[in-house]
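Spelled out, the chains give:
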Amino acid sequence: MLKIPNPSKLTINLRSFLVLQSNPISSSSVPSQDHIARLILDQKSAPESLQTFKWASQFPNFTHSQSTYRALIYKLCTFRRFDTVRQLLDEMPQSIQSPPDDTIFITIVRGLGRARLIKDVIKVVDLVLRFHEIPSLKVFNSILDVLVKEDIDLARKFYRKKMMASGVQGDHYTYGILMKGLCATNRIADGFKLLQAIKTQGMTPTVVIYNTLIHGLCKNGKLGIGRSRSLMNEIEEPNDVTFNILISAYCKEENLVNALVMLEKSFSFGFVPDVVSVTKVVELLCNVGRAMEAVEILERVESKGGVVDVVAYNTLIKGFCRLGKVKVGYRFLKQMETKGCLPNVDTYNTLISGFCESGMLDSALDMFDDMKTDGINWNFVTFDTLIKGLCSGGRIEDGFKILELMEDSKEGSKCRISPYNSAIYGLYKENQWDEALEFLTKMEKLFPRAVDRSLRILGFCEEGNIENAKCIFDQMNDEVIVPSVIVYDCLIHGFCQENQIREALELMNEMIDRGYFPLASTFNALIGGFCRQGKVGSALKLMEDVIGRGCQLDTGSYSPIIDAHCRKGELENALKLLSQMGEKGIVPDHLTWNSLLVCLSQNTIWLNKNNLSHVNKLLQVIITDT
């Protein structure tokens, strides 16, 4: 008999026992085997489990069973007491007059698997044979399942040399395990061979086996998805998982047409795709501006009894916000609430971002206040989004108020610099350079490295030492410190002064990617640089890009290009730009007038061709506007 610690020296988990005692055990007050099994499972250590097992043995007329041994073995495996487990196995034939059953061996296999004792898992076959029994298919499958997760080649070897050699014929579960292992390691060709082997044995592969192979194929991109579609046609009765796999795969490849086709096919088979697949379709539709179609899909899913969760609604709301229809997105927030799908912080953050992007800053502030009323806690994204929207939208004072709220909140900035950079950007847009520099300096306590690097860059730029400034900038990037807008602006001007226009342009594009839109003076530095290099076409292209982005140009934007045209004798092109200035109400400076007059004096032939009246009209318009 197994040696168990003295019950008097150990304490059973009495709370668990009292719970069991609250239900009548039996008329003779002898606990049932199920009661003891549950009590063993509820213990917190291997000694306590052993003690409970021994304590139950002391009841008159009580005998242990496979279930109580299984419970104890499970607990011992949890605490890696495998030698004690072997002792229990040896005593079972005498103590309960029967050898361990399949469930006990499967428990041992899984326990060894969790402990990553793979060689011992395989030896369970020999353990079963000690009791003069060939392992059952269930035991073989449980071993195979553990081996597949560890090493597919080892699992296949076990299947051939142990299972097949023992004369045990695999079933659908066996082949499903092997297929899972092959596909997990991208052995798709071997997966098809296994599929053919199943058919050769006269078995019809289950939908689970097909789904596993289809999923493996879909992970290989477009080619794999195409083969998956063909493979799906072999399935007698595809299930909802089949459609979910293919819908998700098409969405991942951004193949909207086929994703929608598969969605319709799913509906026609009577299946409603799960919320994850549906959300991916909604996201794909919203990404291409078809948010209203996404609404229709969600409505169909709901009408068919499918679940639409907060993530799906958030995806839809984000789609409408991206289209500039933030008010429509807000209506869906209200619709969510009426349907019992409560919005979360991401819902509000998305709408705050949408209102800010649309210039509806008061509405963004209202949403911010609504969060507090509705019991939704602000997080960093909430503060960061609103501060950026307010500061870039000219509401700097309000932006600083939200910044103070963030600093006073539990959330705080969490050492993230972006809200502070947004504040600097707001000051920059208002041409408040001194205030921006002062604020940057005050940030030193929170972000010492960022402020130190930034001030050194500004100092080098002021000295005209652009190479050292660029070295410090590269160091900031290596340290994953996001530079502020004034750092970018100073570097761009510095590169332009050194006639390094390509570097300046790359930096400006990086600046815009970070959400900082340059002032006209920054564009002007680049336009002037292109013109000095004789690249008037590049200067004009940049100007068109600037106008397309809604930037307000000034005299300094037009003057270098007009001067460049005049130097080339291209008076007509220069006058076209002068006309644009008049239409925009921009007053030419003395350089522009000087360039035009010199060019006019050198183009008497052009003036004599009845163009003088045109020039006079143009000049009269400009003089009138000024």
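Because the structure is a prediction, the values reported are computed rather than measured. Throughout this description, residue numbers start from 1 for each chain and increase along the sequence as written. The model is predicted, so local features are restricted to residues of pLDDT at least 70 and side-chain atom pairs to those at 80 or more, both for listing and for counting; the totals for chains, interfaces and linings are taken over all residues. Hydrogens are left out, water is left out, and the side-chain values use all remaining heavy atoms of the structure.

Participant: Even after reading the chapter, I still don't get the overall build of the chain, so can you show me in this structure?
Facilitator: Check the secondary structure of the chain and you find 37 helices and zero strands. Projected onto its principal axes, the C-alpha positions of the chain cover 125 × 60 × 55 Å. For the chain, the proportion of its 626 residues judged to be buried stands at 49%. Every residue pair with non-hydrogen atoms within 4.5 Å of one another is taken to be in contact. Long-range contacts, defined as pairs at least 24 residues apart, comprise 61% of the intrachain contacts of the chain with a sequence gap of at least 6. Elements are defined by DSSP. Helices are runs of H or I of four residues or more, strands are runs of E of two residues or more, and each kind is numbered from the N terminus. Relative accessible area decides the class of each residue, using a 1.4 Å probe on protein chains only: under 20% of the type maximum gives buried, over 50% gives exposed, and in between gives partly exposed.

Participant: What am I meant to see in unusual backbone geometry here?
Facilitator: Across residues other than glycine, the phi torsion is negative in most instances, and most of the peptide bonds are trans. In the Ramachandran plot, Asn 186 falls in the positive-phi region, its phi being about 60° despite a non-glycine side chain. Checked against the element boundaries, Asn 186 lands in the loop between helix H11 (172–184) and helix H12 (188–200). You will see that Asn 431, though not glycine, has its phi angle at about 60°, which is positive. For Asn 431, the position within the fold is in the loop between helix H25 (418–429) and helix H26 (433–442).

Participant: Help me understand the packing of helix H29 (residues 485–497) against helix H30 (residues 501–513), please; the structure alone is not making it clear to me.
Facilitator: A pair of packed helices is captured by two measures, namely the crossing angle of their axes and the spacing between those axes. Every axis corresponds to a line fitted to the C-alpha atoms, with the helix fit spanning only the stretch in contact, and the corresponding angles, defined between N-to-C directions, vary from 0 to 180 degrees. Packing of H29 against H30 leaves a shortest axis separation of 8 Å and a crossing angle of 165°. In terms of axis orientation, H29 runs roughly antiparallel to H30. Judged by the twist between their axes, the crossing of H29 over H30 is left-handed. Of H30, the residues touching H29 (which contributes Val 485, Tyr 488, Leu 491, Ile 492, Phe 495 and Cys 496) are Ile 501, Glu 503, Ala 504, Leu 507, Met 508, Glu 510 and Met 511. All residues other than Ala, Val, Leu, Ile, Met, Phe, Trp, Tyr, Cys, Pro, Asp, Glu, Lys and Arg, Gly among them, are scored as polar; the first ten of these are nonpolar and the last four charged. Of the residues that constitute the contact of H29 with H30, the class distribution is eleven nonpolar, no polar and two charged. Roughly parallel means an angle under 35 degrees; roughly antiparallel, over 145; roughly perpendicular, 65 to 115; everything else is oblique. In this scheme, a crossing is called left-handed if the near helix is turned counterclockwise away from the far one by less than a right angle; it is called right-handed if the turn is clockwise.

Participant: Help me understand the environment of Leu 333 in this model?
Facilitator: Structurally, Leu 333 is set in helix H20 (residues 326–338). It is 9.9 Å that separates the C-alpha atoms of Leu 333 and Asn 344, two residues lying eleven residues apart in sequence. With residues near it in sequence (within four places) discarded, Leu 333 still touches Ile 317, Pro 343, Thr 347, Tyr 348, Leu 351 and Met 367.

Participant: When you look at helix H6 (residues 102–114) in this model, what are you seeing that I'm missing?
Facilitator: Working note: α-helix, 3.6 residues per turn, so residues spaced by three or four point in the same direction. Every helix has an expected span of 1.5 Å times one less than the residues it contains. Across its 13 residues, H6 extends 18 Å between first and last C-alpha, which sits within 8% of the 18 Å expected from 1.5 Å per residue. Buried residues of H6: Ile 104, Phe 105, Ile 106, Thr 107, Ile 108, Val 109, Gly 111, Leu 112 and Gly 113, and no others. Contacts made by the buried residues of H6 are with helix H4 (66–78), helix H5 (82–95), helix H7 (118–122), helix H8 (124–129) and helix H9 (137–150). After H6 finishes, the residue Arg 116 shows a positive phi value of roughly 60°.

Participant: How should I be thinking about the UniProt feature "repeat: PPR" (unreviewed entry) in the chain in this particular structure?
Facilitator: UniProt positions are given in the numbering used here, feature names are shortened, and annotations may be inferred rather than shown by experiment. UniProt annotation of "repeat: PPR" (unreviewed entry) refers to residues 171–205, 239–273, 309–343, 344–378, 379–409, 484–518, 519–553 and 554–588 when read in the numbering used here. In residues 344–378, helix accounts for 74% and strand for 0%; the two terminal C-alpha atoms are 10 Å from one another.

Participant: Looking at this structure, I do not really get the packing of aromatic side chains. What am I missing?
Facilitator: In this description, a pair of aromatic rings is defined by centroid distance and the angle of the planes. For Phe, Tyr and Trp, rings pair up if their centres lie within 6.5 Å, where Trp contributes its six-membered ring, and each pair is then called stacked (planes under 30 degrees apart), edge-to-face (over 60) or tilted (otherwise). Applying the stated criterion to the full structure yields 20 aromatic pairs. With a centroid separation of 5.9 Å and an interplanar angle of 65°, the aromatic rings of Phe 368 and Phe 383 are classed as edge-to-face. Taken together, the positions of Phe 368 in helix H22 (residues 361–373) and Phe 383 in helix H23 (residues 380–392) put the pair 15 residues apart, joining distant regions of the chain. For the pair Phe 368 and Phe 383, a shared accessibility class is recorded, and that class is buried. When the centroid spacing of 5.6 Å and the interplanar angle of 75° are considered together, the rings of Phe 473 and Tyr 488 count as edge-to-face.

Participant: What's the story with the pattern of salt bridges in this structure? I'm lost.
Facilitator: If the charged atoms of two oppositely charged side chains come close together, the side chains can form a pair. Salt bridges are counted wherever a side-chain nitrogen of Lys or Arg sits within 4 Å of a carboxyl oxygen of Asp or Glu. For the coordinates displayed, the defined rule picks out 21 salt bridges. Two residues, Asp 190 and Arg 156, come together in a salt bridge whose shortest N-O distance is 3.4 Å. Residue Asp 190 is located in helix H12, and its partner Arg 156 is located in helix H10 (residues 152–164); the two are separated by 34 residues in the primary sequence. With relative accessibility at 17%, the residue Asp 190 sits in the buried group. The partner of Asp 452 in a salt bridge is Arg 456, and the shortest N-O contact between them spans 3.9 Å. Linking Asp 452 with Arg 456, this pair stays in helix H27 (residues 448–463), spanning four residues, or about one helical turn. Overall, the relative accessible area of 37% leaves Arg 456 in the partly exposed class.

Participant: Could you clarify how one ought to interpret the environment of Glu 264 in this entry?
Facilitator: Position of Glu 264 relative to the elements: it lies in helix H16 (residues 256–268). Residue Glu 264 is classed as partly exposed on the basis of its relative accessible area of 38%. Here the alpha-carbon distance between Glu 264 and Phe 243, two residues 21 residues apart in the chain, equals 9.9 Å.

Participant: It is not clear to me how the confidence of the model for the chain should be interpreted in this structure. Could you clarify?
Facilitator: Detailed reading of the predicted coordinates is not advisable wherever pLDDT is low. On a range of 0 to 100, pLDDT expresses the predictor's confidence in each residue. Put simply, the chain has an average pLDDT of 88, and 92% of its residues get 70 or more. Below pLDDT 50 for its whole length, residues 4–12 participates in 16 contacts with residues either more than four positions away or in separate chains. Low pLDDT, under 50, characterises residues 17–27; the predicted model gives this stretch ten contacts beyond four residues in sequence or across chains.

Participant: I'm lost on the packing of H29 against helix H31 (residues 520–532) in this one. Help?
Facilitator: Where H29 contacts H31, the two axes come as close as 9 Å, and the packing angle between them is 15°. Taken together, H29 and H31 sit at an angle that is classed as roughly parallel. Of the two possible hands of crossing, H29 and H31 adopt the one that is left-handed. Touching Asp 489, Ile 492, His 493 and Cys 496 of H29 are Ser 521, Thr 522, Ala 525, Leu 526 and Arg 532, all from H31. Of the residues that constitute the contact of H29 with H31, the class distribution is four nonpolar, three polar and two charged.

Participant: Help me understand helix H14 (residues 221–232), please; the structure alone is not making it clear to me.
Facilitator: Compared with the 16 Å implied by 1.5 Å per residue over twelve residues, the 16 Å span of H14 between its first and last C-alpha is a close match. Among the residues making up H14, those that are buried are Gly 221, Gly 224, Ile 225, Ser 228, Leu 231 and Met 232. All buried residues of H14 lie within an arc of 115° about the axis, which places them on one face of the element. Exposed residues on H14 whose side chains face more than 90 degrees from its buried face are Lys 222 and Leu 223. Taken from the helix axis, the directions to the C-beta atoms give the arc we talk about.

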